[in-house]
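Fold and geometry: a report
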Amino acid sequence: MTTTHPDTLGIDPSLLAILACPDTHHSPLTLDVEAAELLCSTCDRAFPVRDGIPVLLLDEARHRTP
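What comes next concerns the included structure. (Residues numbered from 1 in each chain as written. Predicted model: local features only at pLDDT ≥ 70, side-chain atom pairs only at ≥ 80, totals over all residues. Heavy atoms only, no water.)

Membership of the largest hydrophobic core is limited to 11 residues, which are Ile11, Leu16, Leu19, Cys21, Leu29, Leu38, Cys40, Cys43, Phe47, Val49 and Ala61. Excluding its chain neighbours within four sequence positions, the residues that come into contact with Leu19 are Pro28, Leu29, Leu38, Pro54 and Leu56. (Core = buried A, V, L, I, M, F, W, Y, C linked by side-chain atoms within 4.5 Å. Buried < 20%, exposed > 50% of the residue type's maximum accessible area, 1.4 Å probe, protein only. Contact = heavy atoms within 4.5 Å.)

Spelled out as structure tokens, the structure:
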């Protein structure tokens with residue numbers, strides 16, 4: 001039986017607690033549900049979450065500040 005987590009974009013909360021930025025600093029990520037992104041406060045990148053799957057590729061991330 002699969003449990004969905006709408007308030008975490010389908011990501012299991014135990015996984016969300018251990019996700020880290022793939023850059024060399026490996027800072028913890030926070031979830032922005034409205035933007036469907038995981039945010040890194042260290043490098044200011046936003047990683048998309050697609051169909052409940054975090055896309056933690058530096059090439060797929062966007063910088064939040066210009």
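What follows picks up the thread again.
On to the environment of Asp51, then. Inspection of the secondary structure assignment puts Asp51 in the loop between β3 (45-50) and β4 (53-54). Of the residues examined, Asp51 reaches a relative accessible area of 81% and is grouped as exposed. Spatially, the C-alpha atoms of Asp51 and Cys21 are 19 Å apart, while their sequence positions differ by 30 residues. (Helix = DSSP H or I, 4+ residues; strand = E, 2+ residues; numbered from the N terminus.)

Another point: the pattern of salt bridges. Counted under the stated rule, the structure contains 4 salt bridges. Arg45 serves as the salt-bridge partner of Asp23, at 2.8 Å between the closest nitrogen and oxygen. A residue pair is termed long-range when its members are at least 10 positions apart, and Asp23 in the loop between α1 (13-16) and β1 (29-32) and Arg45 in strand β3 qualify at 22 residues. Here the two residues Asp23 and Arg45 agree in accessibility, since each one is buried. (Salt bridge = Lys/Arg side-chain N within 4 Å of Asp/Glu carboxyl O.)

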